[in-house]
Amino acid sequence: MNVLLLSMPDSFEHMPPHAIRMPNGALTSLAGNVDPHHRVAVADLILVQRQVRETVTRLVGELDPEVVGLSIMTFQRRTAARLIELVRALRPGVKIVVGGYDPSLAPEAYEDMGVDYLVRSEGEVTFRELLRAVEQGSGVDRIGGLSYRNGESWVHNPDRAPHRLEDSEIRLPNRDARVLKGYTLMGRQIDVIETSRGCTFDCSFCSIIEMRGRNFHTYSFDRVLADIRDARDHGARTIFLVDDNITLNVRRFEALCEAIIAAGLHKLDYFVQAMTSAIANHGETLAPLMRRAGFRYVFLGIENILEGDLEFLRASAKNTERTNGHNTGNATLKAIDYLHRHQMYVVGGLIVGSPGDTRESIEANLEFARRYVDWPYIQHPTPYPRTPMTKDFRDQGLIMSERLEEYDGTTAVVRTEHLPAEEVEFMRWKAERWMKIHHIPACVKHDPRFVLFQGWKMFAHTFRGSSIRSALGLESQKKVFERYRAIRRAEREYV
Ligand code: B12
Ligand code: SF4
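Along each chain, the written sequence defines residue order, and numbers are assigned to residues from 1. Starting at A for chains and at 1 for ligands, labels are handed out in the order in which the entities are written. Local features are withheld for residues below a pLDDT of 70 in this predicted model, meaning they are given only at 70 or higher, and side-chain atom pairs are given and counted only at 80 or more; totals for whole chains, interfaces and linings count all residues. As a rule here, side-chain values cover all heavy atoms of the structure and leave hydrogens and water aside.

## Side note on the overall build of the chain
A run of H or I in DSSP counts as a helix once it spans at least four residues, and a run of E counts as a strand once it spans at least two, with each numbered from the N terminus. Along its length, the chain carries 18 helices and 19 strands. Relative to a compact globule of 495 residues, whose C-alpha radius of gyration would be 23 Å, the chain shows 22 Å and is just as compact. Considered along the principal axes of its C-alpha atoms, the chain spans approximately 60 × 55 × 50 Å. For every residue, the accessible area (1.4 Å probe, protein chains only) is compared with the maximum for its type, and the residue is labelled buried under 20%, exposed over 50%, or partly exposed between those bounds. Looking at the chain as a whole, 59% of its 495 residues are labelled buried. Our radius of gyration looks at C-alpha atoms and nothing else; its globule reference is 2.2 Å times the residue count to the power 0.38.

## Re the site of ligand 1
Residues are classed as near a molecule or strand on a simple rule: at least one heavy atom within 4 Å of it. By nearness alone, 40 residues border ligand 1, and Ser71, Thr74, Glu124, Ser207 and Tyr377 come closest of all. Within the backbone of aspartate 10, a nitrogen or oxygen atom sits 3.0 Å from a nitrogen atom of ligand 1. What qualifies as a polar contact is a pair of N or O atoms within 3.5 Å, subject to a donor-acceptor requirement within protein and to the restriction that residues adjacent in sequence count only when both atoms come from side chains. The separation between a nitrogen atom of ligand 1 and a polar main-chain atom of glycine 100 is 3.4 Å. Within the residue set of the shell around ligand 1, elements represented by two or more residues are α1 (25-31), β4 (67-71), β5 (95-99), α5 (124-136), α6 (208-212) and β19 (375-379). At 3 residues, the largest contribution of residues to the shell around ligand 1 is made by β4. Under the convention adopted here, Pro, Cys and the residues Ala, Val, Leu, Ile, Met, Phe, Trp and Tyr are nonpolar, Asp, Glu, Lys and Arg are charged, and Gly plus all remaining residues are polar. The class makeup of the residues in the shell around ligand 1 is 20 nonpolar, 13 polar and 7 charged.

## Some thoughts on the nonpolar core
Note on terminology: a nonpolar core comprises buried Ala, Val, Leu, Ile, Met, Phe, Trp, Tyr and Cys residues joined through side-chain atoms within 4.5 Å. Ranked by internal contacts, the top residues of the largest apolar core, which has 57 residues, are Ile228, Met290, Phe295 and Leu300. Looking at which element gives the most residues to this core, the answer is helix α9 (residues 276-293), with 8 residues. Residue contacts follow a heavy-atom distance rule, with two residues in contact if any of their heavy atoms lie within 4.5 Å. Discounting residues that sit within four places of it in the chain, phenylalanine 295 has contacts with Leu241, Phe253, Cys257, Tyr270, Val272, Met290 and Met344. Membership of the second largest hydrophobic core comes to 53 residues, among which are Leu59, Ile84, Leu180 and Met186.

## Some remarks on unusual backbone geometry
One non-glycine residue, methionine 186, adopts positive backbone phi at about 55 degrees. Structurally, methionine 186 is set in the loop between β9 (184-185) and β10 (190-193). With a phi angle near 70 degrees, glutamate 303 is a residue other than glycine that sits in the positive phi range. Note on glutamate 303: relative accessible area 7%, which makes it buried.

## Here we look at empty space enclosed by the protein
We place a 1 Å grid over just the protein atoms. Points where a 1.4 Å probe fits but has no way out form a cavity, open points with protein on both sides within 12 Å along at least 5 of 7 lines form a pocket, and any residue with an atom within 4 Å of a point lines it. Grid points are joined across faces, edges and corners, and a volume is the space filled by probe spheres set on the points. As enumerated under the stated definition, the model contains 3 cavities of 30 Å³ or more in all. Roughly 100 Å³ of volume is contained in the second largest cavity. Lining the second largest cavity we find Glu13, Pro16, Trp375, Trp429, Glu432, Arg433, Lys436, Met458, His461, Thr462, Arg464 and Tyr484. Secondary-structure elements contributing two or more residues to the lining of the second largest cavity are α14 (421-437) and α16 (448-462). In terms of residue count, the dominant contributor to the lining of the second largest cavity is α14 (4 residues).

## Considering the pattern of salt bridges
Salt bridges are defined as contacts in which a side-chain nitrogen from Lys or Arg sits within 4 Å of a carboxyl oxygen from Asp or Glu. Throughout the structure, instances matching the rule amount to 46 salt bridges. Here arginine 78 ties to glutamate 493 by a salt bridge, and the two come within 3.1 Å at their closest N and O atoms. Of this pair, arginine 78 sits in helix α3 (residues 77-90) while glutamate 493 is found in the segment after α18 (477-491), placing the two residues 415 residues apart along the sequence. Glutamate 493 sits in the partly exposed class, given a relative accessible area of 39%. When the shortest N-O distance is used, the salt bridge between arginine 485 and glutamate 422 registers 3.4 Å.

## Things to note about the environment of alanine 263
You can see alanine 263 is positioned in the loop between α8 (250-262) and β14 (269-274). Among the residues examined, alanine 263 registers a relative accessible area of 29% and is labelled partly exposed. Expressed as a C-alpha distance, the spacing of alanine 263 and alanine 226, which sit 37 residues apart in the sequence, is 10.0 Å. Once residues lying within four places of it in the same chain are set aside, the contact partners of alanine 263 are Leu225 and Arg229.

## What to know about the environment of histidine 340
Position of histidine 340 relative to the elements: it lies in helix α11 (residues 332-341). The class of histidine 340 is partly exposed, set by a relative accessible area of 32%. Through-space distance from the C-alpha of histidine 340 to that of arginine 82 is 45 Å; in sequence the pair is 258 residues apart. Residues in contact with histidine 340, not counting those within four places in the same chain, are Val346, Tyr372 and Asp374.

Limitation: the analysis is restricted to geometry and does not speak to function.
This is how it looks when you write it as structure tokens:
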């Protein structure tokens, strides 16, 4: 069968599309795991963000798919609905399947959307079995993790247990299936790979626990190295490790760094997400190894520097430093110090705008980011479906917007007990733009050509809404912010 898999074009403030266009790892993994006689095409629509309708129309015409699959996050739901309508209009008989975080956590939202099947949680085995059933015209009622339309109603089969990843049932991603080009991170081709899935923490803002429970499963190093080689052979020079929490097993992570070095794959640049506690508590051995393996940017889940906020986010444990078996306070500074000492950059993941936040507590976090992080990745708490945080915000009546396309992490959709949502966003937006500018010298050193030819676009993106009048101080920053918000609203119309 011909199968077309699409990821959504929607991006957010910290991913300016002219500088960062990442592939969706789910789709190539699905493509690598269907029976080999199917012809699968993967299209990451971020690569054609301003020609979505034309591209999808062309691909449907050229590939004549019998099945179209969409991978969707919550803030992309409206775009997905429009694409489903478009595909249905182009091919009324096509089978439409949705998967990813939003369909898995809010399946009811898709029941009236012209969708035939919905894959909940991990997709490789479920999708493989679904294609077999569609091809053979057999029943789908025994496929675990699948929901499907049955006349006017929907049937939700029992969940499928998370895969243990230890056997070779989940094969490598199929990168040849990609039909669009242009993946980049500041001018270097980027790809994503996985070494593990799952997490055993339960931060209140994170969707992972409702998605798959609290567990952690790992791929063998042979498979991971083969995946990195495959990404490299497809042109990647930067690799993003998309593991939910690779630092849960630090000894394994260290061994992985050694394996990368031994395999000669340390010439690539690596990006990874990490817990501050793991880096602070094991930095002495872990940080130098990471550097030698090629790690360049580490996204640190700092979340917040104030204890009260960390408690609300249920993120205290993963940010605690331990000395001789005792808790000795927040691990963030020590983690940052280890990374900096070993020439790595810190992408600072912070969350401002929790219910108890005041102007002072937000400012304290912004000031921390100004002083210590290399690239800010500051977000607002966002009530994604079924997270514990969503319930807290709803119970307290603090959710200010139900427009899901605004749930992109940098649009404040909740207020605090003390500040309106817009004010929280304004404070973050105003401070964060200047923090980004401070990282330019490091970018020039690493990617001079990119900065020379594309740097002005990044600058213009960062300062969207500004004018000559505002640069001269003749117009208030609030006015610029209003224009920025209007630009954001307009660019969300991808289809
Ligand atoms: C890596 C990652 C990123 C990376 C890379 C994104 C990319 N291009 O792949 C970066 C850092 C760029 C990123 C950014 C964002 N992310 Co993100 N990200 C993740 C993370 C850590 C892993 C996702 C991943 O690749 N997993 C590996 C793949 C193989 O697994 P998977 O995506 O789950 O796919 C499987 C199933 O879901 C299913 N499936 C998926 N799609 C489909 C489609 C079909 C047809 C089928 C059948 C099955 C299927 O099968 C797949 C294979 O088993 C998750 C989870 C986490 N722990 O935090 C968050 C997560 C997905 N991100 C999230 C969010 C909100 C964002 C941002 C909006 C804001 C932010 N928090 O940074 C931005 C938006 C990005 C943009 N488009 O501009 C949320 C989504 C919440 C939600 N309900 O929508 C998550 C869950 C984190 C959270 N807050 O809880 N993200
Ligand atoms: S440690 Fe990371 S992956 Fe784990 S629950 Fe917290 S935010 Fe989610």
